[in-house]
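Below are the chains, spelled out letter by letter.
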Amino acid sequence: MQKLDSKIPEGPLAEKWSRYKAGLRLVNPANKKKIDIIVVGTGLAGAGTASALGELGYNVKVFCFQDSPRRAHSVAAQGGINAAKNYKNDNDSVYRLFHDMVKGGDYRAREANVYRAAEVSNDVIDHFTALGVPFARDYGGSLDTRSFGGVQVSRTFYAKGQTGQQCLLGTYSSLNRQIAKGTVKMFPRRDMLDVVIIDGKARGIITRNLLTGELERHSAHAVVLATGGYGTVFYLSTLGLGSNASAAWSAYKKGALFANPSFIQIHPTSIPVLNDYQCKLTLMSESLRNDGRVWVPKEKGDKRHPGEIPEEERDYYLERRYPAFGNLVPRDVASRAAKERCDAGYGVGDTGLSVYLDFKDAIEKQGQKAIKDKYGNLFEMYEKITGINPYTQPMRIYPAGHYTMGGLWVDYNLMTTIPGLYAIGESNFSDHGANRLGASSLMQCCGDGYFILPNTIGHYLADDIRTGKIPADDPAFEEAEKTVADRIQRIIAVGGKETASSFHKRLGKIMWDHCGMRRDAEGLKKGMELLKQLEEEFWKNICIPGSEKDLNQELEKALKVADFFEVGMLMCEDALQREESCGAHFREEHQTETGEARRDDANFAYVGAWEYLGPKAKPKLYKEALRFEFVELKERSYK
Amino acid sequence: MDFTLKIWRQKNAQTKGSFKTYPLKDVSPEMSFLEMLDYLNKQIIEQGDEPVTFEHDCREGICGSCGLYINGRPHGPMRNTTTCELHMREFKDGETIVIEPWRSRAFPVIKDLVVDRSSFERIMHAGGFISANTGTAPESNSNPISKLIADKAFDAAACIGCGACVAACQNSSAMLYAAAKIAQYAMIPQGKVEAKERVDKMVKQMDAEGFGFCSNTYGCEFDCPKGISVDFIALMNREFFSSKVCKQKQA
């Protein structure tokens, strides 16, 4: 049996990380030059860690599927990045940030990991400022902050509604500096299709050059996956269309355990579906809920123009149900509340699948200019997509698949169950429990990439200073490359009639209906059955025009969709075994009389980590018990 | 809505390309421009042909992947709008729409509507950064920056690296692209330290890549989907000259 050793250090919470770091082994500067590290993904986590490792003197090889590392989907994060600076003097602290995250995650995250993420958050802000990231400032020239959902302090640093872009470009600049110095070698337009294991250790990857179709072998002493989340399993999501699960999934199939796959965040404020060919839902930042008020008409099926519905006939349901947090309840709570109203027949728009997010009061109170300063680009984006001016008419919003709290299981070193294979940022599972609070994803990605992994990886690599180059002609490389080549041949050989996007769309609908915002045992089982049928159909009828030896976007898509069937199955499996409601995971069978989630700490305070046992076999579940020494487990109330 | 699409098809960099005409029926006005192309591609694939290859990812106007030359303008007819944000309601029913890749010697065509923008990357490698190692940063608020300057730096930093400025320019100049980064850093204290060296190196690389010179037509600003101002080019020029003067003085 594979043992889950989280390696969480003993000792007082606030000292765990510093004590642990002090005990880690080092690689001296001369030896670092002899060590190669592969980083896959160039978002905030990947590009950050690659530049930090390059600065330390390692030889780093970085891979991304886009034409430039600057296009990784971190670029689309809007609202902000949290840090416990307490610049507003509102009694914020590392402890409070930690506590908010543990509570926000509905007590399904590791205390020690979360505390560490909060601890390094201030360093992240300082680093970005030094890199020239243009965060918003007040008139005295100091950094400004704003508040976000699920918390009562103002700790979110931002750059208009483009914080992710600005942080990513800052990280990209530090990556470019290392590329120029030669410590980092960049490989754009590559899909990672497999990880190579030699003597039980991760020693390389197989990539497909997306321009030539050529399969390539890349060897290294360690491999870091920073490949993001798998929210595109729903087809319609807020993610970039290229975002996928395949790299992490290949690691899972090589033996890395996959944790809490069913924990997937549905973001409450996305622009609703407007046409049948839509393949992407655009997010409207959570920060809008600072000033926007969410409502639906009190009357079922009220088709009047929103401006004609008087104040007393509007139901501000978040303020009504959750007076303490109002419109700023966490995402899972806001999403379910919107779905509840729409399912009950109060939704607005042609489909009845949306609610209003109204800025009328804020504009009256603060003036249009103040609102424009804060959210100008989001308002423009909304108008471009919908053709409606949100300064004069409320936005329509609806929940959409967004962020995956689940991911590859990692220990305190951020290493997966495969020695030498690391997972950072959204691709791991460790810090957000069952629900992520807004603006903490950027914080975690950057913390993992810049400040945590560069320390922990040295401890592992200290054993490799005499290993020498890892040969790329090892039989393990040959075998991995052959497996990948065979799979590509097999998928091309199908020669069917239906496109990858069409299958993806059908797959997404199954997942959304059966493993989305609300789940029940019957629905999940049904979902798995439908997935199985669709997967069989896929392998009989997928159509891929063109050649595999060329730039072939249909082949790229099909390979990703093929993995999503398996991801979907594991999500359902995981959701089925978790007989409780917690965070984003809501089981119909487990709710209070008022419809709130009912957690079961006695039986489910664990991380569910799955082991792959073969294509036909049921995966095996391992449970890592979560110990809460510093936070009292409470019902998560935002009332 | 119905459209006639004239799309540039090119197998690869070595082969000569040409326009191909595709009639497309029943397009919803709510579709984005790229969704319209998805819709076309679905039909092309179902007919057994190779779909039109184009770049895209975020589909919300921020990653900079997409960029099509639509009816003679980068990113199409709407100002401050990327191709992915453009919607079909902006076109007239029955219209003929011409779709091309970016045209520039420094952006060779890879396939169909996909071009190679790695020249942009190399300009950044030459100096598009502040040399601050991880862990060396002082406390953020120890270095106040006036809101006015911070906001201006942000305006410059909003560049998404799509290449529309080059496509819009009669000289295929990359001045706006380079200037946005140079200006962002030159305005703030953290970036001033290396400002002279940076402008020198980045301009040199820009020239080496085969981008043209600026002749002040302001087409780049007009077609920039992020509305980046040509004022930054002026700022870059000032930085460039002062770097030369400094060098002479040092010599």
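Note that this is a predicted model, so its numbers are computed, not measured. (Residues numbered from 1 in each chain as written. Chains lettered and ligands numbered in written order. Predicted model: local features only at pLDDT ≥ 70, side-chain atom pairs only at ≥ 80, totals over all residues.)

When you go through chain A residue by residue, the secondary structure sums to 16 helices and 20 strands. The C-alpha radius of gyration computed for chain A amounts to 24 Å, which stays within 12% of the reference 26 Å derived for 639 residues, consistent with globular compactness. With respect to the principal axes defined by its C-alpha atoms, chain A has extents near 75 × 60 × 50 Å. Out of the 639 residues belonging to chain A, those deemed buried represent 60%. In chain A, the share of contacts with a sequence separation of at least 24, taken over all contacts with a separation of at least 6, comes to 74%. (Helix = DSSP H or I, 4+ residues; strand = E, 2+ residues; numbered from the N terminus. Rg over C-alpha atoms; globule rule 2.2 N^0.38 Å. Buried ≥ 20, exposed ≤ 12 C-beta atoms within 10 Å, placed from the backbone. Contact = placed C-beta atoms within 7 Å.)

This part is about the nonpolar core. The biggest cluster of nonpolar side chains holds 278 residues, and the ones touching the most others in it are Val-224, Leu-225 and Tyr-422 of chain A together with Leu-176, Ala-178 and Ala-179 of chain B. Among the elements that make up this core, the one with the highest residue count is helix 15 (residues 553-577) of chain A (12 residues). Discounting chain neighbours no more than four positions away, the residues touching Ala-178 of chain B are Ile-123, Met-202, Val-203, Met-206 and Met-236 of chain B. (Core = buried A, V, L, I, M, F, W, Y, C linked by C-beta atoms within 7 Å.)

A positive phi angle, close to 45°, is found at Lys-160 of chain A, a residue other than glycine. Take Lys-160 of chain A: it is sitting in the loop between strand 5 (156-157) and helix 6 (163-181). Given 25 C-beta atoms within a 10 Å radius, Lys-160 of chain A is considered buried. The phi dihedral of Asp-112 of chain B is positive, around 45°, even though this residue is not glycine. Within the element layout of this structure, Asp-112 of chain B appears in the loop between strand 6 (109-111) and strand 7 (114-115).

Looking now at the sheet that holds strand 18 (residues 421-423) of chain A. Residue and element names in this part refer to chain A. Taken together, 5 strands build an open sheet; the order of strands is 6-2-1-10-18 and the sheet is parallel. The sheet terminates laterally at strand 6 (184-187) and strand 18, the two strands that pair on one side only. Here the strands of the sheet are splayed against their neighbours by 20° on average, with no regard to which way each runs. Sheet topology note: the strand 2 (residues 59-63)/strand 6 ladder contains 4 bridges and is parallel. When the bridges of strand 6 are listed, Val-62 appears paired with Met-186. Here helix 11 (residues 440-461) sits on the sheet and contacts strand 10 (222-225) and strand 18; the angle it forms with strand 10, its principal contact strand, is near 155°. (Pairing = 2+ DSSP bridges. Axes fitted to C-alpha atoms, helices over the stretch in contact; angles between N-to-C directions.)

Turning our attention to the interface of chain B and chain A. Contacts between the two partners involve 61 residues from chain B, matched on the other side by 61 residues from chain A. Residues that form the side of chain B that touches chain A fall into these classes: 24 nonpolar, 20 polar and 17 charged. (Nonpolar A, V, L, I, M, F, W, Y, C, P; charged D, E, K, R; others polar.)

Before going further, it helps to examine the domain arrangement of chain B. All names here are of chain B. Parsing chain B into structural domains produces domain 1 (3-111) and domain 2 (118-250). Between the C-alpha centres of domain 1 and domain 2 there is a distance of 30 Å. Listed as interface residues are 18 residues of domain 1 and, on the opposing side, 16 residues of domain 2. Grouping the amino acids of the side of domain 1 that touches domain 2 by side-chain chemistry returns 7 nonpolar, 8 polar and 3 charged. (Domains from an automatic or database assignment.)

Quick look at the packing of helix 3 (residues 147-157) of chain B against helix 5 (residues 175-187) of chain B now. Residues and elements named next belong to chain B. Between helix 3 and helix 5, the least distance of the axes is 8 Å, while the angle of their chain directions is 160°. Taken together, the axis directions place helix 3 and helix 5 in an arrangement best described as roughly antiparallel. Handedness of the crossing formed by helix 3 with helix 5: left-handed. Along the contact surface, helix 3 presents Ile-149, Lys-152, Ala-153, Ala-156 and Ala-157, while helix 5 presents Ala-180, Ala-183, Gln-184 and Met-187. Here the residues of the contact of helix 3 with helix 5 sort into 7 nonpolar, 1 polar and 1 charged. (Parallel < 35°, antiparallel > 145°, perpendicular 65-115°, else oblique. Left-handed = near helix turned anticlockwise from the far one by under 90°.)

With that out of the way, let us pick up the pairing of strand 15 (residues 355-358) of chain A. All names here are of chain A. The side-chain alternation of strand 15 yields two buried faces, one formed by Val-355 and Leu-357 and the other by Tyr-356 and Asp-358. Inspection of the sheet shows strand 13 (residues 293-297) paired to strand 15 by 3 bridges, in the antiparallel sense. Along strand 15, the bridge assignment pairs Val-294 with Leu-357. In the sheet, strand 15 pairs with strand 16 (residues 395-404) via 3 bridges, with the strands oriented antiparallel. Across the sheet, the residue bridging to Val-355 is Ile-397, located in strand 16.

With that settled, the discussion passes to the domain arrangement of chain A. Residues and elements named next belong to chain A. According to the domain assignment, chain A consists of domain 1 (13-263 + 405-464), domain 2 (267-401) and domain 3 (475-598). The partner domain 3 presents 6 residues to the 7 residues of domain 2 that form the contact. With 5 residues, helix 9 (residues 331-343) is the single largest residue contributor to the side of domain 2 that touches domain 3. Residue composition of the side of domain 2 that touches domain 3, grouped by class: 2 nonpolar, 1 polar and 4 charged.

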